Amino acid sequence: LTCNIQKFGRSFQGGAIFVAWARIYSDTYADIMFSRSLDCGETWSAPLKVNDQKSQASQGVAVSVDPRTGYVYVTWRRFGIAGASPKQDEDAIFAVRSFSGGQKFTQPRLITTFVPYEQGQGPLRFRTEAFPTMTSSVDASGTRSWTHIAWAQRGANGDGQIVMTHVVVSAPPKTYDEWNDPLDGWKIPADPVDAAPIVDGAQGNAFTRGHQFMPALTFTRGKLVLVYYDSRLDHTRTYHSPHQSQDPCSPVGTCW
């Protein structure tokens, strides 16, 4: 496929373009839509809904293409809705995949339910939602690949923690029909990516409390890269160090 940019007189080799988004109808209803372009973005396919009634409040969509096979993966978060039918009162991560270039997708796969780390807008905080991020990776031999999903959830102590799950990219079913593909094998429970204490450079003190949030995944030049915010060192700018032997007060602390 050759893309021609007439305005700039340039041509380059291209491929399919995939885009996904949340079509929001109300506070408790939103669908995940998908479209593709096979002519460098000039035209787009009719939007395809990829969620079902088990994921009525769907947002935070991410798309990934396996570089080895070209299979398209889509993931999103379901917001829990009390009293919904079918039952979906827990927050959850869903995923689908396509091995027909985005023409058709598997039935939505519930990866896991989770307790999200997020906060609303306020005078002393900014809004953040626990949306997933996703990418696909391939080994050096080019014979194995994986698709990874990461998100922020609350740990046992209530702190936000980035966790990641992955699945080995498997072959399509013999029917080559997405609806016959179980899309199983995801590693659950997801693994924390940074559970060790973080050490401040100046004093060498270790800290475990604080929040990790807003992750972003990518794969480039053979490396799987995850970036995220980490607030475990937001507690202070520096430490108070008393004069000790230089303190004019005797005993120390009897005057200021």
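Keep in mind that this is a model prediction, so the values were computed, not measured.

The rules behind these values
- Residues numbered from 1 in each chain as written.
- Predicted model: local features only at pLDDT ≥ 70, side-chain atom pairs only at ≥ 80, totals over all residues.
- Heavy atoms only, no water.
- Salt bridge = Lys/Arg side-chain N within 4 Å of Asp/Glu carboxyl O.
- Helix = DSSP H or I, 4+ residues; strand = E, 2+ residues; numbered from the N terminus.
- Buried < 20%, exposed > 50% of the residue type's maximum accessible area, 1.4 Å probe, protein only.
- Core = buried A, V, L, I, M, F, W, Y, C linked by side-chain atoms within 4.5 Å.
- Contact = heavy atoms within 4.5 Å.
- Disulfide = S-S within 2.5 Å.

Details of the pattern of salt bridges
Item 1. Applying the stated criterion across every chain, the model contains 12 salt bridges.
Item 2. Across the salt bridge formed by Asp-159 and Arg-209, the nearest N and O atoms sit 2.6 Å from each other. With Asp-159 in the loop between strand 11 (145-154) and strand 12 (160-168) and Arg-209 in the loop between strand 15 (206-207) and strand 16 (212-220), the pair connects residues that are 50 residues apart, well separated along the chain.
Item 3. The class of Asp-159 is buried, set by a relative accessible area of 9%.
Item 4. Look at Arg-209 and you get partly exposed, because its relative accessible area is 49%.
Item 5. When salt bridges that share partners are traced, they join Arg-77, Asp-91, Glu-118, Arg-127 and Glu-129 into one network.

Considerations on the nonpolar core
Item 1. Counting 18 residues, the largest nonpolar core has Tyr-73, Ile-93, Ala-95, Ile-149, Trp-151 and Trp-186 as the members making the most contacts within it.
Item 2. The set of elements that each furnish at least two residues to this core consists of strand 8 (92-98), strand 11 and strand 12.
Item 3. With near-sequence residues (within four places) excluded, Ile-149 lies in contact with Thr-75, Ile-93, Ala-95, Pro-132, Thr-133, Met-134, Val-163, Met-164, Thr-165, Trp-186 and Leu-217.
Item 4. Within the second largest apolar cluster, 11 residues are counted, among which are Ala-20, Val-50, Trp-76 and Phe-94.

Some details on unusual backbone geometry
Working note: non-glycine residues mostly have negative phi, and peptide bonds are mostly trans.
Item 1. Following Ser-85, the chain continues into Pro-86 via a peptide bond in cis, with omega recorded as 0 degrees.
Item 2. With respect to the helices, strands and loops of the structure, Pro-86 is situated in the loop between strand 7 (72-78) and strand 8.
Item 3. In this model, Tyr-176 sits at a positive phi of 55 degrees, which is unusual for a non-glycine residue.
Item 4. Tyr-176 gets classed as partly exposed once you look at its relative accessible area, which sits at 48%.

Topic: the state of the cysteines
Disulfide: a covalent bond connecting the sulfur atoms of a pair of cysteines.
Item 1. Within the structure shown, the criterion is met by one disulfide.
Item 2. Between Cys-3 and Cys-40 runs a disulfide, and the two sulfur atoms are separated by 1.9 Å. Note on the Cys-3 and Cys-40 pair: the S-S dihedral is about -85 degrees, so by sign convention the disulfide is left-handed. Of this pair, Cys-3 sits in strand 1 (residues 2-5) while Cys-40 sits in the loop between strand 4 (29-37) and strand 5 (48-49), placing them 37 residues apart in sequence.
Item 3. The class of Cys-3 is buried, set by a relative accessible area of 4%.
Item 4. Exposure remark for Cys-40: the relative accessible area of 27% places this residue in the partly exposed category.

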